[in-house]
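Breakdown of the fold
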Amino acid sequence: MGSTDDADRDLRAGGSGHAYSALVEIGTQIQNHDVALQTVVTTIVERTAGLVSADVAWLAVLDESVQALKIVAATGHRHPAFTAMSVGLGTGLGGVALAQRQTISVLDYRSDPHPTPAGVREAVAAEHLVSLVCAPMFRADHMIGALYVGRRRRAAFSEAERDLASALATQVAIAIENRDTRTQLETSNTLLAAKNEVLEQSAAIHERLTAATLRNVGVADIAQSLTELLARPLKLEQDLAEPFAHWYGGAAEPAVPRETRRIMAGDTDLGRLTIVTQPPLTDIEWRAVEHGLTVLAVELLKQSARREVEWRLGGELLSSLLSSPGQLDHAMVRRGARFGVDLTRPHRVILLEPIDDHPLDIAEVQAALYSAARAAGLPELPRLVTTVGPTSVMVALPTTPTDPLTEFVQAIHARSKLANTVIMGISRAGHDFTGARREADACARFARLAGDQRPTVSADDIGPMRFLFALTDVAPVKQFVAEQLDSILVDYGTDSELFRTLRVYLESDGHHPTIASRCNIHKNTVKSRIARICTVLGRPLNDPQVRFELRLALGLHDFLFTIGRLTDDDRDKRPRYRTSS
């Protein structure tokens, strides 16, 4: 894997705590009246450089009088002249980022064609900076400045590092806005009391939401804290942690005006927050909403990192299970228990293969499985998922008392991104994962033989015909069924009284009272029907060899229907098996 992936994994796996500690330190300084703004921004710049492994980090604030960005804090630079550079709006990375209102990442600044004054390029070149990220800072629609990080080598910043830079840039904007508010309070005696109240409310909001994040209470408790602060209902929608869509502060969706804001971390869309806007929100309340969006984004990034770790560990566990033949040993069961998977429960193995042989994307499959599991009401989300071969994905699901497997499969084919793109083979439930893998593979092969008639085949549906798992061509099976049953199927069909009587006769070993009871006919009628069946088939049913061949043919007939080589319409239309396969 590349260095970007390594950095991303390292930051998600071990850097979350450092990020939260940075937020605490920054938040504390923001609310501390005795700490100068310069100290706050310097702390942010220094912590940002350490968290994203940057050689140089700097912060530029917009000077509205000249419409240019000027550096107010920097760390890691070697030349004093570096901090003297400034760029106008629309030029340089910072100007472009502010104009476009998005974080910009440059792999190689030396060859990037963005418009930049020559003096700025020379100052950056003197620092030997190559890879850069610029995160713009806004408060509502007001431009404040930009936070930069750079490396003296050609090494791209990962998505997690870019997102963290964006989150910290938001904290800078909050710090600057809060300090601007304090400055106004100190210079305007007439508004001192009112603005002090605003400041105290802002500090209380910041402290409560930041504390909720640090306690690892989860997105639900953060949303609950926000709705209590706002004293109004709100709805949080996201796909990373339960509950995935929920109204807080009310049992049902209120029929009042509302506004929806996206939860963003850099360019990553993590969810939506809908706020009731009647009565209208005050400036302080909107500030609480914006800070809540930042805190939710940090928490959802943490949940995303946790899910990625769970998927990786689950994939490694399933790979080990699939390569461990026979019953599981105690060590494997204990390994599953540490991961929260009860391997003493029977599991089904499901193989998903692309219809067009285009490799399945494991992340898309995992997301689709989660969505289908929620739609089907599975009590547990799929945790054992891994790639098999170059194109396919395999998942193991534990059985449940209700076992909504049918609903789960239907949700995959009908609702998810995998609709009309995959075929599936499903094993029986058991503890032998290696054997289950073979069954799932064979069922997927049957599903491919069936074409679009049956995109999913289950070993439970095949029943005792599982001895045909090695079959690659159904033509001989169809020929045998035709030889044994065509004389009755062609002229009478599967829904006829003769065919049903023949089935019950074979299943009951010719016991007349059982036949009469199951077919709801008189015993004398049983005798006449059996005689008629013998005439149509041209074979005596009292011959053990004949009964064996007919019973086998009947099982193979049902097998052909299960794998989709005989549809419901075909059965109703009295199929002729002597057609081509």
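1. Focus on the packing of aromatic side chains
Tallying each qualifying case throughout the model produces three aromatic pairs. Ring geometry for Trp58 versus Tyr148: centroids 4.8 Å apart, planes at 10°, classification stacked. Note that Trp58 is positioned in strand S1 (residues 56-63) and Tyr148 in strand S6 (residues 142-151), a separation of 90 residues in sequence. Note on Tyr148: relative accessible area 7%, which makes it buried. A centroid spacing of 5.6 Å and a plane angle of 85° characterise the contact between Trp311 and Tyr370, whose relative ring orientation is edge-to-face. Here Tyr370 lies in helix H11 (residues 362-376) and Trp311 lies in helix H9 (residues 283-322), a separation of 59 residues in the sequence. Members of the aromatic cluster, each reached through a chain of ring pairs, are Trp58, Phe82 and Tyr148. Cation over ring: Arg121 sits above Tyr109, and NZ or CZ is 5.1 Å from the ring centre. The cationic tip of Arg374 hangs over the ring face of Phe244; the distance from NZ or CZ to the ring centre is 4.0 Å.

2. Concerning the packing of helix H8 (residues 219-230) against H9
Between H8 and H9, whose axes approach to 10 Å, the crossing angle comes to 175°. Of the possible angle classes, the one that applies to H8 and H9 is roughly antiparallel. On H9, the residues touching Val219, Ile222, Ala223, Leu226 and Leu230 of H8 are Glu285, Ala288, Val289, Gly292, Val295, Leu296, Glu299 and Leu300. Split into classes, the residues belonging to the contact of H8 with H9 amount to ten nonpolar, one polar and two charged.

3. What about the side chain of Thr43?
Looking at the secondary structure, you find Thr43 in helix H3 (residues 37-51). A relative accessible area of 9% means that Thr43 is categorised as buried. Separated by 2.9 Å, the side chain of Thr43 and the backbone oxygen of Thr39 make a polar contact.

4. A closer look at the sheet that holds strand S8 (residues 245-248)
If you walk across this open sheet you meet the four strands as S8-S7-S10-S9, and the pairing is antiparallel. Edge positions in the sheet fall to S8 and strand S9 (258-265), since each of these pairs with one other strand and no more. Each neighbouring strand pair of the sheet contributes to a mean axis angle of 20°, computed without reference to strand direction. Relative to strand S10 (residues 268-276), strand S7 (residues 234-237) runs antiparallel, the two sharing four bridges. Paired with Glu237 across the two strands is Arg272, which belongs to S10. Each of S7, S8 and S10 touches H8; the most contacted strand, S7, lies at about 160° to it.

5. Some points on the side chain of Arg232
Topologically, Arg232 is positioned in the loop between H8 and S7. There is a polar contact of 2.9 Å between the side chain of Arg232 and the backbone oxygen of Val276. Discounting residues that sit within four places of it in the chain, Arg232 has contacts with Thr227, Ile275, Val276, Thr277, Gln278, Pro279, Pro280, Leu281 and Glu285.

6. Topic: the packing of H9 against helix H10 (residues 330-338)
For the pair H9 and H10, interaxial distance at closest approach is 11 Å and the crossing angle is 160°. If you check the angle between H9 and H10, you find them roughly antiparallel. As for the relative orientation of H9 and H10, their crossing is left-handed in sense. Every residue of H10 that contacts H9 at Glu316, Leu317, Ser320 and Leu321 is listed here: Met332, Arg335 and Gly336.

7. Here we look at unusual backbone geometry
Of note, the amide linkage connecting Gln278 to Pro279 takes the cis form, showing an omega dihedral of 5°. Tracing the chain through its elements places Pro279 in the loop between S10 and H9. The backbone phi angle of Arg101 is positive, close to 55°, even though this residue is not glycine. Among the secondary structure elements, Arg101 is positioned in the loop between helix H4 (92-100) and strand S4 (104-106). Backbone geometry at Asn520 places phi at a positive 60°, although glycine is not the residue there.

8. A closer look at the sheet that holds strand S11 (residues 347-354)
The strand order S12-S13-S11-S14-S15 describes an open sheet built from five strands, whose pairing is mixed. Across the chains shown, the open sheet's two edge strands, defined by having one partner strand only, are strand S12 (384-388) and strand S15 (456-458). Averaged over all pairs of adjacent strands, the angle between strand axes in this sheet comes to 20°, irrespective of strand direction. The pairing of strand S14 (residues 422-426) with S15 spans three bridges and is parallel. Within S15, the residue paired with Gly425 across the bridge is Val457. Running over the sheet, H11 touches S12 and strand S13 (392-398) and is turned about 145° from S12.

9. Here's the deal with the confidence of the model for the chain
In low-pLDDT regions, the fine details of the predicted coordinates are not to be read closely. For the chain, per-residue confidence averages 81 on the pLDDT scale, and residues scoring 70 or more make up 82% of the total. Confidence drops under a pLDDT of 50 for residues 6-14, and excluding neighbours within four residues, the segment shows 18 contacts in the predicted structure. Every residue in residues 567-581 scores below 50 in pLDDT, and together they form 38 contacts with partners more than four places removed in sequence or on other chains.

10. Things to note about the nonpolar core
In this structure, Leu485, Ile488, Leu502, Leu537, Leu541 and Leu550 are the most contacted members of the largest nonpolar core, which totals 33 residues. For this core, the secondary structure elements donating two or more residues are helix H13 (433-450), helix H14 (459-462), helix H15 (475-492), helix H16 (497-507), helix H17 (512-519), helix H18 (523-537) and helix H19 (544-562). In this structure Leu550 touches Gln484, Leu485, Leu502, Leu506, Leu537 and Leu541, once residues within four positions along its chain are discounted. Counting 28 residues, the second largest nonpolar core, distinct from the first, contains Leu209, Trp286, Ala288 and Leu293.

11. A word on the pairing of S13
The element S13 is extensively covered by neighbouring structure, given that six of its seven residues are classed as buried. Inspection of the sheet shows S11 paired to S13 by six bridges, in the antiparallel sense. Of the residues in S13, the one forming a bridge with Leu351 is Met394. Relative to S13, S12 runs antiparallel, the two being bridged by five bridges. Its bridge partner lying in S13, Leu384 is registered against Ala396. In sequence, S12 turns back onto S13 through a hairpin of three residues, with Gly389 there showing a positive phi of about 70°.

12. Re the environment of Glu177
Relative to the helices and strands, Glu177 is located in helix H6 (residues 159-187). Each C-alpha atom of the pair Glu177 and Arg139 lies 7.6 Å from the other, and the pair is 38 residues apart in sequence. Residues contacting Glu177, with those up to four places away along its chain left out, are Arg139 and Arg287.

How each quantity is defined
Residues numbered from 1 in each chain as written. Predicted model: local features only at pLDDT ≥ 70, side-chain atom pairs only at ≥ 80, totals over all residues. Heavy atoms only, no water. Phe/Tyr/Trp six-rings, centres within 6.5 Å; stacked < 30°, edge-to-face > 60°. Helix = DSSP H or I, 4+ residues; strand = E, 2+ residues; numbered from the N terminus. Buried < 20%, exposed > 50% of the residue type's maximum accessible area, 1.4 Å probe, protein only. Lys NZ or Arg CZ within 6 Å of the ring centre and 35° of its normal. Axes fitted to C-alpha atoms, helices over the stretch in contact; angles between N-to-C directions. Parallel < 35°, antiparallel > 145°, perpendicular 65-115°, else oblique. Contact = heavy atoms within 4.5 Å. Nonpolar A, V, L, I, M, F, W, Y, C, P; charged D, E, K, R; others polar. Polar contact = N/O pair within 3.5 Å; in protein donor to acceptor, adjacent residues only side chain to side chain. Pairing = 2+ DSSP bridges. Left-handed = near helix turned anticlockwise from the far one by under 90°. pLDDT = per-residue confidence, 0-100. Core = buried A, V, L, I, M, F, W, Y, C linked by side-chain atoms within 4.5 Å.

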